[in-house]
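Report on the structure
Chain residues, written in single-letter form:
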Amino acid sequence: MKLPAFIICIFFAFTAHAQKNPAYISGKVTDENDEPLPGVSVVVLGSQSGIVTNDSGTFHIKVASEKAFALIFSHEGFRAEQRNFYLSKGEEEALTVMLIRSGKVLQNVVISNDNQRTETGLIKINPKNSIAVPSATGGVEGLIKILVGSNNELTSQYSVRGGNYDENLVYINDYEIYRPYLVQNAQQEGLSFINPELTKSINFYNGGFQAKYGDKISSVLDIQYNTPATKGGSVYVSLLEQGFHLQGYSKNKKLSWLVGVRSKTNRNLLSSQETKGNYVPSAADLQGLLTYQFSEKWRMELLEIVSGSKFTLIPESAQKSTAVFSPLFTANIGLDIFFEGQEKDSYNSNLTGLTFIHTPNKKTKLKWMVSRYDDREKENFDIAGSYLFGERSFDKSKPDFGKIVNPLGAGVFQNFARNTLHIEDYSLNHKGSYSTGKHFYQWGVGFTRTIIHDKLNEWEYQDSAGYSIPFNPQIIQLSQVVKSKEDLSINKYSAYIQDNLRITNTARDLTFQYGIRFNYNALNQEFLISPRGQLSYKPAWKKDVVFKVSAGIYDQPPFYRELRRPDGSINTKLKSQKSIQFVTGVDYNLANAGKPMRITTEAYYKSLWDVVPYDIDNVRIRYFGENMAKAYAVGLETRIYTELVKDAESWLSVGISQTKEDLNNDFYFTYKNAAGEIITPDTQDQKIADSVKNNVGYVRRPTDRLLTIGLFLQDYLSTNKNFKVHLNLIYGSNMSYNIPGSARYRNALIIEPYIRADVGFSALLLSDKSMRRSHSPFNGFENIWASLEVFNIIDRANTISYQLIKDFANNTFSIPNRLTPRLLNFKLLARF
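The model shown is predicted, which means the values in this text are computed figures rather than measured ones.

Parameters and conventions
Residues numbered from 1 in each chain as written. Predicted model: local features only at pLDDT ≥ 70, side-chain atom pairs only at ≥ 80, totals over all residues. Heavy atoms only, no water. Helix = DSSP H or I, 4+ residues; strand = E, 2+ residues; numbered from the N terminus. Buried < 20%, exposed > 50% of the residue type's maximum accessible area, 1.4 Å probe, protein only. Core = buried A, V, L, I, M, F, W, Y, C linked by side-chain atoms within 4.5 Å. Contact = heavy atoms within 4.5 Å. Salt bridge = Lys/Arg side-chain N within 4 Å of Asp/Glu carboxyl O. Lys, Arg positive; Asp, Glu negative; His and termini not counted. Patch = residues over 30% accessible without salt bridge, like charges linked within 9 Å, V, L, I, M, F, W, Y side chains within 5 Å. Areas by Shrake-Rupley, 256 points an atom, 1.4 Å probe, with all protein chains shown as cover. Pairing = 2+ DSSP bridges.

**Here's the deal with unusual backbone geometry**
- Phi angles above zero are rare outside glycine, and Lys 253 is one such case at about 70°.
- Topologically, Lys 253 is positioned in the loop between strand E14 (241-249) and strand E15 (255-264).
- For Lys 253, a relative accessible area of 34% gives the class partly exposed.
- Located in the positive-phi region is Asn 665, a residue other than glycine, with phi close to 55°.
- Of note, Asn 665 is situated in the loop between strand E32 (648-663) and strand E33 (667-672).
- Note on Asn 665: relative accessible area 70%, which makes it exposed.

**Things to note about the nonpolar core**
- Counting 71 residues, the largest nonpolar core has Tyr 158, Phe 204, Leu 221 and Tyr 225 as its most contacted members.
- Looking at which element gives the most residues to this core, the answer is helix H3 (residues 139-148), with six residues.
- Ignoring sequence-local partners within four residues, the contact set of Tyr 225 consists of Ile 172, Asn 173, Phe 193, Ile 194, Asn 195, Leu 198, Thr 199, Lys 200, Leu 258, Gln 287, Leu 289 and Leu 303.
- In this structure, Ala 23, Val 40, Ile 61 and Leu 95 belong to the second largest nonpolar core, which totals 18 residues.

**What about the pattern of salt bridges?**
- The final tally for this structure, using the stated rule, is 29 salt bridges.
- The residue Glu 81 makes a salt bridge to Arg 83 at a minimum N-O spacing of 3.4 Å.
- Take Glu 81: its relative accessible area is 27%, and that puts it in the partly exposed class.
- The exposure class assigned to Arg 83 is partly exposed, which follows from its relative accessible area of 27%.

**Side note on the side chain of Asp 345**
- Position of Asp 345 relative to the elements: it lies in strand E18 (residues 330-361).
- Despite its burial, Asp 345 pairs with no opposite charge, the nearest such side chain being Arg 418 at 8.2 Å.

**As for a nonpolar patch on the surface**
- Taken together, Leu 239, Phe 761, Leu 765, Leu 788, Leu 824, Phe 826 and Leu 828 make up a surface patch of nonpolar side chains, about 650 Å² in accessible area.
- Looking at the nonpolar patch, the elements with two or more residues in it are strand E41 (754-766) and strand E45 (823-831).
- Element by element, the count of residues in the nonpolar patch is highest for E45, at three residues.
- Its location among the elements puts Phe 826 in strand E45.

**Points about the pairing of strand E1 (residues 23-30)**
- Of all eight residues in E1, seven are buried; the element is thus mostly enclosed.
- Two strands pair when backbone bridges link them, and E1 and strand E4 (residues 58-63) are joined in this way by six bridges, in the antiparallel orientation. Residue Ala 23 lies in a different strand from E4, and its bridge partner there is Val 63.

**Concerning the pairing of E14**
- As defined by bridge partners, strand E13 (residues 232-238) adjoins E14 across six bridges and the pair is classed as antiparallel. Paired with Tyr 236 across the bridge in E14 is Gly 243.
- In this structure, the hairpin formed by E13 and E14 is closed by a connection of two residues.
- Where E14 lies against E15, nine bridges are found, and the strand directions are antiparallel. Across the sheet, residue Leu 246 finds its bridge partner in E15, namely Val 259.
- Between E14 and E15, which pair antiparallel and follow one another directly, the connecting turn spans five residues, one of which, Lys 253, has a positive phi of 70°.

Structure follows, in structure tokens:
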């Protein structure tokens, strides 16, 4: 009996020694979308004791040193993960563990977390897809345009449920993001403000959003950047864009950093357009997120975004064509333009945001935020052109092929601008949350001061057949003049409070979200109250179905573009655009042929008043500067999310909608002669005997589109997952285009349907580290991908706008301005 007793004593001695000289393991547990996982069990294999991760998914565990052991990470709904270790005395190792959902649960498709399914309009987007999607703009906005539709591949702007881009909110880490305001054409745009390589989560609300989000009336894009738990980075190079990012943390884990640099040039893309010339576009940005953990209860975040873009164009010539069909004749109409002059634009912006986060206990979270946004824009162009307009020959057998053989009109024009804009925006905000029982309270209060310095000097001269338009025999008149100089200071105050109440039992799962938002604008002295509420109900059925409904008031205080009238003057009395919105929907999780599938359907209705009408030309939005209309938007949207092959998410989005507006005092007269026949007022040989006043009523808004279809497919070879294909398909039915100065034919021109398909082929060149030699120069890389992208694979010439031309008989013809043809892009991406 002495020998066993001696062995037991030795065992306890070694155990005590190990406990006196332990090692430590800390880190973070996430899901496939890099979202932190709280409540994950972390247990030493063979032991009964362990810990669980906290609300941020992090853990810190003491383990034995100088012996082999394993940690088991487990969580309900996820496959368990085992990690093996051998640590020295006092050694501390940091790691990030990703858990994969078990069974046939599809991340971001079949949602197992019902909190994501109870909110109307919420679409969670996987950031990894924003890197894989093949599109000319790429990034997060490229994915959103698949969901809501698009009519322009060159821009990152998008419209949601009948609204325009100015009606969308964009946040990065709770800071509102703005786009340049003077941009007239999508080819002038630089980089998207969102860097996909830095992104942790993407929440997109296409309507019915909560009171905590700001004062716009269409949508919210809520981006959260990553707080690194591992060291690494990435670098990519393509024909259109280049960039890299780095992430890491200090030795004591208190300081972490995330930095991204990008540059972009669309020269290859733009040189394929109808207007030929020397295009020199360039854009670059630097983004960084610095996080410092003072203690378990205090944390600081510093967000810095510096962005700049330049656009230079020396146009040479343009050839445009269209087909004209009428009961009298059919012809191929062409427009040849020869240019002189150039355009030089620059857009520079900077956002600095400092956040202090205090977590006094597990139930309370307090956040203080201060930020400064600076935007400086210059737009300079002086371009003259002479044009010949008429019937173009398309007979390849004749020597005049491609030339205008039957002239219908000729003239010259000159466009001139010297525009500058400087906007400074200072913001101070407090946000908080408190959880107790079944309630989750959130509140916030904010102050924003905006300073605007604006100088516009813009004019346009037109000459048709030797006569200036508008014609005046005494003097030469300009067709359009905008001259203005404004200095504005705007103070805005806002606040909100809301509660999420959840009642769960065996018979049902009921969630009620209600809140109220306040806003005061010192410029127009308008105080707004916006109550909003949502209700979701999940019955205890065998089928996984959630029903939801929301209603609320959504107001949009005017900003720079809305305030400006067409003549350049500022309307400081302009009131907010207001709306009441209703949304109802259903969310259904199911399995189809053994594959996970999720179907969401929402119907919506918006009633708007105090509307500020606008026209859209390419991406330029020209407001009327007056609250002079009412409008509505109604529609139905259905989305199907599934996997064609395992672990490759795909979706189909279909939307049917209608949006119309009724302008105040929009009417026209119909004139009749003595015989009761309708005549035009300029008829020389007949006298007007009678006139009838006609009210126009409701007409299509510039963003009205009956049908939108978006398809995003991912697939790979059945024998090798390292070869993938991504397909991006967008269809949008026809849209309206405005005829300037015409009440009778407002938005009467039709832009034909937008159809575009982009496809990308990817191959994994390097992945398995265990297969590499010890002296391989690629040992530092996790993986390397190569992609070949084909933009506009069907080579469709989509129309973005029209150029209106008059012939010798004063008849007006509309010549379409086309977008980009088929184009190839190559991309190389490496992660380390």
